[in-house]
Amino acid sequence: FQHQTQQQAEREQQDARNRYQSFLDAKITEGQKKFGETQFDKVCNDLVESEVVTYGSNMHTTLFNLDRYPDVVMELGKNMREAERIANLPPQKQIYELEALERRIIAREELARKAQPKIPTKVEAPGTGEDAKPANSVAKLRQAAKANGGLRDWGKVFQADQTL
């Protein structure tokens with residue numbers, strides 16, 4: 001009976017390791033899609049080879065639990081001094097610093113998105129589009145003005161012809 005319990009525990013541990021590895025693979029794939037396989041793998045390898053991030057370390061676990069994992073890894077890869085500084089902090093401060101870095105990345109992207117001007121996808125000719133006015137609206141307006149008291153009282157002109 002004890003042997004069966006031990007085997008079941010080993011299977012559960014193996015299942016947990018497999019789920020964790022699948023989770024890690026999904027995060028890495030996400031980064032490769034966003035930044036390109038070669039570039040993302042190079043940054044990951046640089047972080048591991050410099051021993052800033054070691055497998056199973058608190059920083060490793062925290063990184064993989066961030067929503068914006070690929071962005072944070074790329075940011076750390078660009079600034080190894082900052083990565084080393086964070087890696088040398090106590091575990092709780094590592095979590096705080098990595099989450100703060102993630103928030104800064106999100107804020108920077110939000111600012112960039114707001115700063116982009118909205119460029120119309122197509123240009124429409126005058127008198128067409130959603131709130132199209134008749135092409136002869138200026139001529140029509142002048143005629144209505146002459147017929148309703150001249151150009152001095154525009155209120156009368158617009159009351160007389162609702163299509164203007």
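As shown above, the structure is provided for reference.
A few points on the structure. None of the values given here were measured: they were computed from a predicted structure.

**Things to note about the packing of aromatic side chains**
This model, assessed by the stated rule, comprises three aromatic pairs. Centre to centre, the rings of phenylalanine 40 and tyrosine 69 are 6.0 Å apart; their planes meet at 75°, and the pair counts as edge-to-face. Within this pair, whereas phenylalanine 40 is found in helix α2 (residues 37-49), its partner tyrosine 69 is found in helix α4 (residues 69-78), the two being separated by 29 residues in sequence. Comparing phenylalanine 40 with tyrosine 69 shows no difference in burial state: the two are buried. Plain terms: the ring middles of phenylalanine 64 and tyrosine 69 are 4.5 Å apart, the flat faces sit at 20° to each other, and that makes the pair stacked. Each member of the pair phenylalanine 64 and tyrosine 69 is classed as buried. Members of the aromatic cluster, each reached through a chain of ring pairs, are Phe35, Phe40, Phe64 and Tyr69.

**A closer look at the pattern of salt bridges**
All told, the structure shown has eight salt bridges when counted by the stated rule. Of the charged contacts, one joins arginine 68 and aspartate 71 as a salt bridge, the two residues approaching to 3.0 Å between their closest N and O atoms. Between glutamate 110 and arginine 113 there is a salt bridge; the shortest N-O distance is 2.7 Å. Taken together, the residues glutamate 110 and arginine 113, both in helix α6 (residues 91-115) and three residues apart, mark about one turn of the helix. Through salt bridges with shared partners, a single ionic network connects Lys34, Arg68, Asp71 and Glu109.

Parameters at a glance
- Residues numbered from 1 in each chain as written.
- Predicted model: local features only at pLDDT ≥ 70, side-chain atom pairs only at ≥ 80, totals over all residues.
- Heavy atoms only, no water.
- Phe/Tyr/Trp six-rings, centres within 6.5 Å; stacked < 30°, edge-to-face > 60°.
- Helix = DSSP H or I, 4+ residues; strand = E, 2+ residues; numbered from the N terminus.
- Buried < 20%, exposed > 50% of the residue type's maximum accessible area, 1.4 Å probe, protein only.
- Salt bridge = Lys/Arg side-chain N within 4 Å of Asp/Glu carboxyl O.

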